[in-house]
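A closer look at the structure
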Amino acid sequence: MAPFAFILDKKVRPKMTVPILIKLLLLGLLEPVIDQNMYYIGMKYTTATFAAAMYNILPAITFILAWIVRLEKVKLKSIRSQAKVFGTVATVAGAMVMTLIKGPYIELFWTRGASHQSGSGGIDIHHAIKGASLITVGCFSWACFIILQAITLETYPAELSLTAWICLFGTVEGSVLALIMERGNPSAWFIHWDTKLMAVVYSGIVCSGLAYYIQGIVMKDRGPVFVSAFSPLCMIIVAIMSSFILGEQLFLGRMIGAIVVVVGLYLVIWGKSNDYNSTPPSTDEKISSMKTAESFDQEAIIIDVHDKKVVTSKEQLHGKDDPTIV
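The residue numbering used here restarts from 1 in each chain and proceeds along that chain's sequence as written. Given that the model is predicted, a residue must reach a pLDDT of at least 70 before its local features are reported, and side-chain atom pairs must reach 80 or more before they are shown or counted; all residues, however, enter totals for whole chains, interfaces and linings. The side-chain values count all of the structure's non-hydrogen atoms but skip hydrogen atoms and water molecules.

Points about the UniProt feature "transmembrane region" (unreviewed entry) in the protein chain
Operational definition: UniProt positions are given in the numbering used here, feature names are shortened, and annotations may be inferred rather than shown by experiment. Helical segments are the DSSP runs of H or I of at least four residues, strand segments are the runs of E of at least two, and each set is numbered from the N terminus.
Those places that UniProt annotates as "transmembrane region" (unreviewed entry) correspond, in this numbering, to residues 48–71, 83–105, 125–148, 160–181, 193–213, 225–245 and 251–269. Annotated as 100% helix and 0% strand, the span residues 160–181 places its first and last C-alpha atoms 31 Å apart. Across residues 225–245 one finds 86% helix and 0% strand; the C-alpha atoms that close the span lie 32 Å apart.

Here it is as C-alpha cells:
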C-alpha cells in the first residue's frame, strides 16, 4: 500500500501533526494488534464459524459508540431510526442464535462421511467460554478502531496513506508484543512454504491493507455504522466455506440465525438510506443562482450627454433618454 500512497496521495496528504500521530498509533494498536490477536486466539479455542458468528455483535457495539460520539443520528420517533435500532438488535440476536442454538444436523452431500471432530459440536464448554470472551474483547477493539478511523479521516483524508501508516505502526507494535510473548521460543518465528505463510500473506494484504482502504472510502460517505452493518455476511460466507474446506457441521440453528442476521442487515441499510437522500444542486441551478447574485452586485454607470450628468442604471429606469453607457 505504501508505494500507491506515496504516488497517489501527494496532493491530498496533509501534514503530519502530533494529534494525528497519536491517532495513528492507537489505530495500529487497536486493530492489527489487539483485535487480530484476540480473534485468532479465540478461534483456536473454538472454530472458524463460531468466531465469525461471535463477531456479529460488531454492528451493535459500533452503533452504540457512534451514537455516543455523535457520528450517528438517532431520532426514536422516526421509523427509519427505529429500523436502524431494531436491525442492529436483530444482527446480535441472530449471532446469539447461531452461537447458542444448534438444532438438528443438516446433512449436505459434500460433508457425508467426513470427520467432524473439528466442528463446533466438539467444543469444550470451558474453551467455548474462554474463546467467546477473547473474541468479544477483540470485537470491541475492532469497533473502537472503526470509530477512530472515521474521526481520523476528518483531519487526514488520505485513505491510502492512512492505511499504510496503520499497517506500519501495527507491524512495529505487533512485533514488540510478539517478542515479549514468544521470548525463548525462536521456532515460533519460522515460516515455511505452507498454509501458515499463505495465511500471513493473505491476512496482511487483504484483511489489513485492502480492508482498511476500502473501509475508509465507504466510511467517508456512509459512516462507520454502515460499514459495520455488513460484518454479519462474513459469518454466512465462513459457515459455507468451512463446510466445504474444513468439513464443519451445519445445524438448523445456524441457518435460522443467518436468516435473522440478513433481515437485520437490510433493516439497518433501509434505515440509513434516508440519511443520504439530499442531492446537490444541478449545474443549471448553480449558474442561475450565480447570475442572480451578480445582477444585484453589479450596477452600470451611465453618462447623460445632454445634461453632462453621471447617472446610474436605476435612474435610467425613471425616464432618462439617449444615454451613453460606459
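A few points about the side chain of Gln 36
To keep it simple, the criterion reads: Residue contacts are defined here by distance: any two heavy atoms, one from each residue, within 4.5 Å place the two residues in contact.
The residue Gln 36 is located in helix H2 (residues 18–45) in this model. Here Gln 36 is in contact with Glu 31, Ser 203, Ser 208 and Tyr 212, once residues within four sequence places are set aside.

A few points about the pattern of salt bridges
Counted only if it meets this: When a carboxyl oxygen of Asp or Glu lies within 4 Å of a side-chain nitrogen of Lys or Arg, that pair is called a salt bridge. Each residue's exposure class comes from its accessible area (1.4 Å probe, protein chains only) as a fraction of the maximum for that residue type: buried when under 20%, exposed when over 50%, partly exposed otherwise.
As enumerated under the stated definition, the model contains two salt bridges in all. We note a salt bridge from Lys 84 to Glu 72, for which the minimum N-O separation is 2.8 Å. One end of the pair, Lys 84, is in helix H5 (residues 79–100); the other, Glu 72, is in the loop between helix H4 (58–68) and H5, and 12 residues separate them in sequence. Judged by relative accessible area, Lys 84 falls into the buried class, the value being 2%.

What to know about the side chain of Gln 215
Counting through the fold element by element, Gln 215 comes out in helix H8 (residues 195–222). Discounting residues that sit within four places of it in the chain, Gln 215 has contacts with Trp 142, Phe 145, Ile 146, Gln 149 and Val 227.

Here's the deal with the packing of aromatic side chains
Aromatic rings considered in pairs are described by the distance between their centres and by the relative angle of their planes. Our working rule: Centres within 6.5 Å are what make two rings of Phe, Tyr or Trp a pair, Trp counting through its six-membered ring; a difference in plane orientation under 30 degrees is then read as stacked, over 60 as edge-to-face, and the rest as tilted.
One pass over the full model with this rule turns up six aromatic pairs. Centre to centre, the rings of Tyr 39 and Tyr 40 are 6.1 Å apart; their planes meet at 65°, and the pair counts as edge-to-face. Look at Tyr 39 and you get buried, because its relative accessible area is 18%. The structure contains a cluster of three or more aromatic residues connected by ring pairs, namely Trp 142, Phe 145 and Tyr 212.

Comments concerning the environment of Met 16
Structurally, Met 16 is set in the loop between helix H1 (2–8) and H2. The spatial distance from the C-alpha of Met 16 to the C-alpha of Tyr 156 is 8.6 Å, given a sequence separation of 140 residues. When residues no more than four places from it in sequence are discounted, the contact partners of Met 16 are Leu 21, Leu 24, Tyr 156 and Trp 165.

Examining the environment of Trp 142
Mapped onto the elements, Trp 142 comes out in helix H6 (residues 125–155). Given the relative accessible area of 13%, Trp 142 is considered buried. Expressed as a C-alpha distance, the spacing of Trp 142 and Ile 34, which sit 108 residues apart in the sequence, is 8.4 Å. Leave out the neighbours within four places in its chain, and Trp 142 touches Glu 31, Asp 35, Tyr 55, Leu 58, Tyr 212 and Gln 215.

Let's talk about the packing of helix H10 (residues 232–245) against helix H11 (residues 252–273)
Under the convention used in this document: Axes, fitted as lines to C-alpha atoms, cover a helix only where it is in contact. Angles between the N-to-C directions of the axes lie from 0 to 180 degrees. Angles are sorted into four bins: roughly parallel if under 35 degrees, roughly antiparallel if over 145, roughly perpendicular if 65 to 115, and oblique for all others. We call a crossing left-handed when the near helix sits turned anticlockwise from the far one by less than a right angle, and right-handed when that turn is clockwise. Each residue is assigned to one of three groups, with Ala, Val, Leu, Ile, Met, Phe, Trp, Tyr, Cys and Pro labelled nonpolar, Asp, Glu, Lys and Arg labelled charged, and all others, Gly among them, labelled polar.
Where H10 contacts H11, the two axes come as close as 9 Å, and the packing angle between them is 150°. Here H11 runs roughly antiparallel to H10, going by the angle between their axes. Here the hand of the crossing between H10 and H11 comes out left-handed. Between H10 and H11, the residues in contact are Pro 232, Leu 233, Met 235 and Ile 236 and Ala 258, Val 261, Val 262 and Leu 265, respectively. Tallied by class, the residues present in the contact of H10 with H11 amount to eight nonpolar, no polar and no charged.

Section: the packing of H2 against H6
Between H2 and H6, the shortest axis-to-axis distance is 8 Å and the interhelical angle comes to 155°. As the angle between them shows, H2 and H6 are arranged roughly antiparallel. Considering how the two elements wind past one another, H2 and H6 form a crossing that is left-handed. Each residue belonging to the contact of H2 with H6 can be placed in one class, and the counts come to 18 nonpolar, eight polar and four charged.

A short note on a nonpolar patch on the surface
The line we're drawing: For patches, a residue must show more than 30% relative accessible area and have no salt bridge; joins then use 9 Å for like charges and 5 Å for nonpolar side chains, namely Val, Leu, Ile, Met, Phe, Trp and Tyr. For accessible areas, the Shrake-Rupley method is used with a probe of radius 1.4 Å. Any residue's cover is judged against the shown protein chains and nothing else.
On the surface, Phe 230, Leu 233, Ile 237, Ile 240, Met 241, Phe 244, Ile 245 and Leu 246 cluster together to form a nonpolar patch covering roughly 760 Å² of accessible area. Structurally, the position occupied by Leu 246 is in the loop between H10 and strand E2 (250–251).

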